[in-house]
Amino acid sequence: MSYIPMVFAGLLAISGTASAGTHAATTTPAPVTIGSRNVATADPALPRPGTQPCVVPLLTKQRFGKTGNDARMDATPHTFRYAPPAHCPGPWAKVVLEVHFAVAAGHQYDRTASIWLNGVNLYFGTTEEPSPGVARSWTIERDLSDYSSLLRAPGNGQIRINNWLGKVFSSPIRASARLLFYPADAAYPAPRVPDHIYAMNGKGSMPAKLDKDSNRLAKSLVFPRNTTRVYLDLFAEPQAHDEFYYVCLPEATIRRVGRPRSNGSLDRPRTCGGGSFREVEITIDDTPAGLAPVTPWVFTGGLDPFLWQPTPGPEALDFVPYRVNLSPFAGLLDDGKPHTVAIRMLGTPHFFSIAAALLVYQDRHATQLSGAVTRNTLATALPTPIVTDNLKADADGVHGGIFTRASMRYVIEGYVDTSHGRIHTRVETAIDFDNSQHFGHAPKHHRRHFSWQSARVDSTSTATAHGVPTRNLHKHIDYTLEARTLSHPGHGTIRHRGVEIRQRFARRIVQQQAGLSPFLSSMSNTHVGAGELTFERGVRTSYSSRHQSSVQNFRYSNSLGDCYQAEVQARNRKVTAYTHGQGCLVPGMLHWFVHPDDSPDSFGWRH
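Residues numbered from 1 in each chain as written. Predicted model: local features only at pLDDT ≥ 70, side-chain atom pairs only at ≥ 80, totals over all residues. Heavy atoms only, no water.

Q: Quick question: what am I supposed to make of the pattern of salt bridges here?
A: Once their charged atoms are close, side chains differing in charge can pair, the charge on each being opposite to the other. Scanning all chains against the criterion turns up 22 salt bridges. With a closest N to O distance of 2.9 Å, Arg178 and Glu98 form a salt bridge. Of this pair, Arg178 sits in strand β11 (residues 173-183) while Glu98 sits in strand β5 (residues 92-103); the two residues are 80 residues apart in sequence, bridging distant segments of the chain. The class of Glu98 is buried, set by a relative accessible area of 15%. Close ionic contact of Glu315 with Arg507 constitutes a salt bridge, the shortest N to O distance being 3.3 Å. Taken together, the residues span a long stretch of sequence, with Glu315 in the loop between β19 (287-293) and β20 (322-325) and Arg507 in strand β30 (residues 494-513) at a distance of 192 residues. For Arg507, a relative accessible area of 6% corresponds to the buried category. (Salt bridge = Lys/Arg side-chain N within 4 Å of Asp/Glu carboxyl O. Helix = DSSP H or I, 4+ residues; strand = E, 2+ residues; numbered from the N terminus. Buried < 20%, exposed > 50% of the residue type's maximum accessible area, 1.4 Å probe, protein only.)

Q: Just checking my understanding: could you explain the state of the cysteines for this structure?
A: Note on terminology: disulfide describes a covalent bond linking the sulfur atoms of two cysteines. Counted according to the given criterion, the structure contains 3 disulfides. Here Cys54 connects covalently by a disulfide to Cys88, the sulfurs 1.8 Å from one another. Looking along the S-S bond of the Cys54-Cys88 disulfide, the torsion reads about 65°, which is the right-handed sense. Taken together, the residues Cys54 in strand β2 (residues 54-64) and Cys88 in the loop between β4 (78-82) and β5 connect sequence positions 34 residues apart. When its relative accessible area of 4% is taken as the criterion, Cys88 is described as buried. Shown here is the disulfide that connects Cys563 with Cys584, its sulfur atoms set 2.0 Å apart. With the S-S bond torsion at -70°, the cross-link from Cys563 to Cys584 turns out left-handed. Of this pair, Cys563 sits in strand β33 (residues 563-571) while Cys584 sits in the loop between β34 (574-580) and β35 (589-591), and the two are 21 residues apart along the sequence. Under the relative-accessibility criterion, Cys563 is labelled buried at 15%. The buried category is assigned to Cys584, whose relative accessible area is 11%. Here the chain pairs its bonded cysteines, counted in sequence order, in the arrangement 1-2, 3-4, 5-6. (Disulfide = S-S within 2.5 Å.)

Q: For this particular structure, what's the right way to read the environment of Ile284?
A: Along the polypeptide, Ile284 turns up in strand β18 (residues 279-284). Relative accessible area serves as the criterion here: at 3%, Ile284 is assigned to the buried category. Remark: the alpha-carbon pair of Ile284 and Ala342, spanning 58 residues in sequence, is separated by 6.4 Å. Excluding residues within four positions of it along the chain, Ile284 makes contact with Ala289, Leu326, Phe329, Leu333, Thr340 and Val341. (Contact = heavy atoms within 4.5 Å.)

Q: Could you clarify how one ought to interpret empty space enclosed by the protein in this entry?
A: The gaps left among the atoms become clear once a water-sized probe is rolled over them. What the rule picks out here adds up to 4 cavities of 30 Å³ or more. Lining of the largest cavity is provided by 34 residues; of these, Arg323, Leu473, Lys475, Pro600 and Asp601 occupy positions nearest its centre. Going through the elements one at a time, β20, β27 (421-442), β28 (446-465), β29 (468-488) and β30 are the ones with two or more residues in the lining of the largest cavity. A breakdown of the residues in the lining of the largest cavity according to their chemical character gives 16 nonpolar, 12 polar and 6 charged. (1 Å grid on protein atoms, 1.4 Å probe; cavity = no way out; pocket = protein on both sides within 12 Å on 5 of 7 lines; lining within 4 Å. Points joined across faces, edges and corners; volume = space filled by probe spheres on them. Nonpolar A, V, L, I, M, F, W, Y, C, P; charged D, E, K, R; others polar.)

Laid out in structure tokens, this is it:
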């Protein structure tokens, strides 16, 4: 959390009254209509300052998907020119990106969407699948306040949605985007933001494709010689077979028992290998500098496309980046020499799309600093998954279980001598990964497949000056995904499958600034969906679904008294119930500077 809410947390704890800058507003999700088949989520709207924003349009109703009778891919980026708002020169209390998407009724896959400015990623996510009789539209919001230094100068931007149109997949996608700049004043002060943003992307400002351990996304640059802190915002989107990495099996297991599909049937078509463990490694000059978990996003075409109509899974349409603290390396990066920051995927035999940005803070009272890395246990402790496999194959298929576990613990420490004295930074991280899969038989030729996966992160970043801790950030993250399928072959090419999916994305944060009361926040985003799917595979593919139901629940609270709770229920692909504010003393109250989805900020401080 930025220095602003830490100050306000202390003021509120001491006085019990609101002070300048503590203004709160009531926020609700996008309007939810009972009976609607349009996209409906329980996610909170982004709270805003009370100042009048300046609006900068980026693009308006851009169409993605070429016309014509033959199937063709529209892979051309749509470009735009950006200029900062003339009437809001900054500093800004907050900067918000709004993107509105619409997909025409018909058939279409979920598509990856991304927006870039001068090579820096501003948005990364996927699109909602339509229905033959239902067009769908939705809006995403992203707090870009930490990217203010990028937005102070003109630039060239582009949006990418590689959309395929043809005789079957006929729905074009349209997108509009704009930036809103909220001026700072005494009541809504500007936060301390990074001084530089450096892009890390693939060729032509697009996500990089990392398809095996040896491939890297690398950026070589000379950092400012007065660098004090460095962070990496990271997106890692699973693609191709890796989209379902949580049900992938080791190659040795596949050679022994065959290739069980996610529905439990035993055959030997193309499917995913490499096991279920995936992780992201960040290096500086080929030395391990941090790890990041892979978020188990399930896109709106995943496992059962009907489960996500009208409510998608957590973060499926709007990815939340994982922020890695690289500040222990700041003193090393101050030497005026080129340094290479690199990203690689651990465990993937297929590929991930990667987008990232480096956020750099400088000492504004010194031109040249020095320092060093003093401890790095990650350099000799990269994760190795442990697999326990008792799967067996017989005439009826695969049965038994396979269990994968990986546990990582590391500490990285370093210092930098600043104009305010020596700052020592310690980053301590624990990541625990567990995946269990069970295959079995059921009466009447049914086959069962159960998959459970959890990735848990506990990370503590501590900065110490003059021997006294000056700031401390502890975050606990839990990504849990549970999927159950019960399938049977039916007749001919007909297949039937019952699917149940449970997802939970949760974060708890404790932030402490020297001399102030700690700031605590808690977020939980859960989705439970179930249905029966009948599909036919032959010359053409058709689907039908019945007994579909889903529930999404979003909860957020913090030590300032902010509280948000909402729930959306759906059955047979339309909204049946919506509640908001239950369990909150003041429903939907959120201070303008908080991150209700617990998306990252850089825990700024005075210097």
